[in-house]
Structures are given as C-alpha cells and as structure tokens.
Amino acid sequence: MSVLTGAAAAAAMALTGCADSSGGTDTAAKAASVKVPAGALVKGGQITYCSDISAPPLTYYDAAQKPVGAEIELGNALAAELGVRANWANTSFNGIIPALQAKQCDAIISQLYIKPEREKVVDFVPYMYASNTLVVAEKNAKTIKSADDLCGKKAAGQTGTTIVQYLTDQSEKCAAAGKPKIDIRQFTKDSDALQQLRLGLVDAYGTTLETAAYVLKQQPGTFGLVGEPFNRIKVGAATGKDDASLHDALTKALAAVRKSGTYDAILKKWNLSGDDIAN
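Residues numbered from 1 in each chain as written. Predicted model: local features only at pLDDT ≥ 70, side-chain atom pairs only at ≥ 80, totals over all residues. Heavy atoms only, no water.

> Honestly, the pattern of salt bridges in this entry has me stumped. Any pointers?
Between side chains of opposite charge, a pair can form when the charged atoms approach closely. A complete count under the given rule lists eight salt bridges for this structure. Measuring nitrogen to oxygen at the nearest pair gives 3.5 Å for the salt bridge that ties Glu117 to Lys115. (Salt bridge = Lys/Arg side-chain N within 4 Å of Asp/Glu carboxyl O.)

Below, the structure is given as structure tokens:
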C-alpha cells in the first residue's frame, strides 16, 4: 500500500479501533535483545503500530477478529526483540501518516512504500519489497492482457495508492492515443475494490502482488493476473522524524529477527519469500 503524503490532513485520519496483537503475552515475556533508548515513544510495555488491517496476507482479521498476517507476525517479532508487547491500531490507510504524526501510534507497519516525498516527513526501516499487479475475472483474462487493454473500461483501486496513480497515467496514455479514458473507481479499502471485481462492477482491480497472490489462492479459478508486475519498491516501518531512537531500535530489532531465522520463516509461511529485502 501507499498513501499520498499530500493528503496528510488531520481530518483524513480515521482510527477504527485498536486490537491487541496475537501472542501479546509471549512477546512481552521475552527478554529484550534490543534496548529501547530513553526518549523513545514506546510506553507502558507496548509498542503501538498503525496499520490498515484489511490487506491479506499482510494484515487482516481472522474469524475471531484477531489481527493476523505476515506484517502482523513481523511487527510482533520486532516487539519481542524490544521486550514489549505489540498493539495494533486499525487505521484508515489514507490517514495513516497523519495518525503517526498525531502520536496515535509509535510506528506504521502497513506496506508503506518508501518514497522520497514520504522520507521528508517520516523515517523508514526497510523490511521487504512489494510490487503491483492487475487482477481480472478469469473469463476476461484473454481479452484484458495488460493495462493497455483497459482503455474505456472500469478499473478499481484503493484511494491514495500508487495503483490509482498508475491507472491515471495509463488513462492519459489512452487519451493521447485517441482512445476512451479508463473509468477509475476509488475505494477506501482494498477489500472493497476487490468486491467490485467479484461482483462484476469493474473490469480490473489493481493491488499489490502479495494481496493478489492471496486472493488467487483463496479462490482458485475465479481470477487471473494480467501483464507483468510493476512498481517494485521497498516497504518500510515508518517512525516520526522526532523519534530517531525508536527508528534505531527497530533497525537493530529487524537485524536480530533476520539473524534468528524468524524473518525467513514468516515470509515462507505466507508465500512471500520473493519479497525478501535481501533479494
């Protein structure tokens, strides 16, 4: 996921509740391998992460309304290295940087792409790669083979993401070629955009390769990927510019998680080994 920092208005912030992380007791009980320096925002024996918990396999709620996913497990593992409990604040993605700036959380873990404009307002600890792809109904995979075939068609994406910008750029190319523009439909949640495709209300759905792989696995024979993955970019945990001590602590915690083998195990479990930051 990616949010446009230009939309960083406090009014855009929409915290939709908090949920304790899975295994919170266990992470709190582990001896810290990284000491959180004095002055870090982490307080009360826990670190609070802002995350839009609606993007499996990275972050989502299971049947018991417990946050699960690859990023959830990684965030919990980082908290364990700090000797604190992870708390997850479910935050609307288009307001996630304002939420951090308003001290609603200590850090962001929500597939936030590392982009120059964001690095001006937050600091990053890179932890994996991400890329984007286009999903269509399996029955349309032969007629829609890439973004070039979306001229005059409807395409869905999550508000504030690089997918929407990609579709906008493609739409301008359509117009320049004398073809109808793409009818871009924006939704506040990635899952809502997918629902539009499932219902046949749009012709294509742009999302991360990670989310698409999960969707195809959960519903085999229903959807297909078209074109080559695009926008490969590093993803990082974001901290405030005024919290260098926490940034440094998380950097050390990630190194410890990688060294222990926990990082590789998490990516393998969720079929995301291809997104290893070392690749």
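> I keep staring at the pairing of strand S2 (residues 46–51) and nothing clicks. Help me out?
A regular strand carries its side chains on alternate faces of the sheet. Summarising burial for S2: six of the six residues are buried, a large majority. As defined by bridge partners, S2 adjoins strand S5 (residues 85–91) across six bridges and the pair is classed as parallel. Along S5, the bridge assignment pairs Cys50 with Ala89. Two elements, S2 and strand S6 (residues 107–108), share two bridges in a ladder whose sense is parallel. Bridge pairing in S6 links Cys50 to Ile108. (Buried < 20%, exposed > 50% of the residue type's maximum accessible area, 1.4 Å probe, protein only. Helix = DSSP H or I, 4+ residues; strand = E, 2+ residues; numbered from the N terminus. Pairing = 2+ DSSP bridges.)

> What is the right way to read helix H8 (residues 244–260) from this model?
Working note: α-helix, 3.6 residues per turn, so residues spaced by three or four point in the same direction. Compared with an ideal rise of 1.5 Å per residue, which puts 17 residues at 24 Å, H8 spans 25 Å between its outermost C-alpha atoms and is within 8% of the ideal. For H8, the complete set of buried residues consists of Ser245, Leu246, His247, Ala249, Leu250, Ala253, Leu254, Ala256 and Val257. Among the residues trailing H8, Gly261 stands out with phi positive, at a value near 95°. (Expected span 1.5 Å × (residues − 1).)

> It is not clear to me how the state of the cysteines should be interpreted in this structure. Could you clarify?
Here is the idea: a disulfide is a covalent bond, and it sits between the sulfur atoms of two cysteines. Counted according to the given criterion, the structure contains two disulfides. Between the sulfur atoms of Cys50 and its disulfide mate Cys105 the distance is 2.2 Å. Every disulfide takes its handedness from the sign of the S-S torsion; for Cys50 and Cys105 that torsion is -105°, giving left-handed. Of this pair, Cys50 sits in strand S2 while Cys105 sits in the loop between helix H3 (96–101) and S6; the two residues are 55 residues apart in sequence, bridging distant segments of the chain. Just as Cys50 is buried, Cys105 falls in that class too. Each sulfur of the disulfide joining Cys151 and Cys174 lies 2.0 Å from the other. Residues Cys151 and Cys174 share a disulfide whose torsion about the S-S bond is about -85°; that sign makes it left-handed. Here Cys151, found in the loop between strand S7 (122–137) and strand S8 (154–158), pairs with Cys174, found in helix H5 (residues 162–176); they are 23 residues apart in sequence, far enough to count as distant. Numbered in order of appearance, the disulfide-bonded cysteines of the chain are paired 1-2, 3-4. (Disulfide = S-S within 2.5 Å.)

> What exactly am I supposed to notice about the packing of aromatic side chains here?
Any aromatic ring pair is given by two values, namely how distant the centres are and how the planes are angled relative to each other. Across all of its chains, the model carries four aromatic pairs by this definition. With centroids separated by 6.2 Å and ring planes inclined at 85°, the aromatic side chains of Tyr60 and Trp270 adopt a geometry described as edge-to-face. Of the two residues, Tyr60 is situated in strand S3 (residues 60–61) and Trp270 in the segment after helix H9 (262–269); the sequence distance between them amounts to 210 residues. You'll find Tyr60 and Trp270 in the same group, each marked buried. Pairing Tyr166 with Phe230 gives two aromatic rings, centres 3.8 Å apart and planes at 15°, and the pair type is stacked. A residue pair is termed long-range when its members are at least 10 positions apart, and Tyr166 in helix H5 and Phe230 in strand S11 (residues 223–240) qualify at 64 residues. Taking relative accessible area as the criterion, Phe230 reaches 12% and is therefore assigned buried. Among the aromatic residues, those joined into a cluster by ring pairs are Tyr60, Tyr214 and Trp270. Between Arg258 and the ring centre of Tyr263, over which it is positioned, the NZ or CZ distance is 4.5 Å. (Phe/Tyr/Trp six-rings, centres within 6.5 Å; stacked < 30°, edge-to-face > 60°. Lys NZ or Arg CZ within 6 Å of the ring centre and 35° of its normal.)

> Honestly, the confidence of the model for the chain in this entry has me stumped. Any pointers?
One rule of thumb: low pLDDT means the predicted coordinates there are not for detailed reading. Chain-level statistics for the chain give a pLDDT mean of 87 and a share of 87% at 70 or above. Note that pLDDT drops below 50 for residues 2–18; the model gives that stretch 49 contacts with residues more than four away or on any other chain. In this model residues 20–29 is a low-confidence stretch, pLDDT under 50, and it forms 24 contacts with partners more than four residues away in sequence or in other chains. (pLDDT = per-residue confidence, 0-100. Contact = heavy atoms within 4.5 Å.)

> How do you make sense of the packing of helix H2 (residues 70–82) against H8 when you look at a structure like this?
Geometrically, a packed helix pair is captured by the angle between its two axes and the distance between the axes. Running from amino to carboxyl end, H2 crosses H8 at an angle of 105°, the nearest separation of the two axes being 9 Å. Relative to H8, the element H2 is oriented roughly perpendicular. Here Leu74, Ala77, Leu78, Glu81 and Leu82 of H2 come into contact with H8, specifically with Ala249, Leu250, Ala253, Leu254, Ala256 and Val257. Among the residues making up the contact of H2 with H8, the classes are represented as ten nonpolar, no polar and one charged. (Axes fitted to C-alpha atoms, helices over the stretch in contact; angles between N-to-C directions. Parallel < 35°, antiparallel > 145°, perpendicular 65-115°, else oblique. Nonpolar A, V, L, I, M, F, W, Y, C, P; charged D, E, K, R; others polar.)

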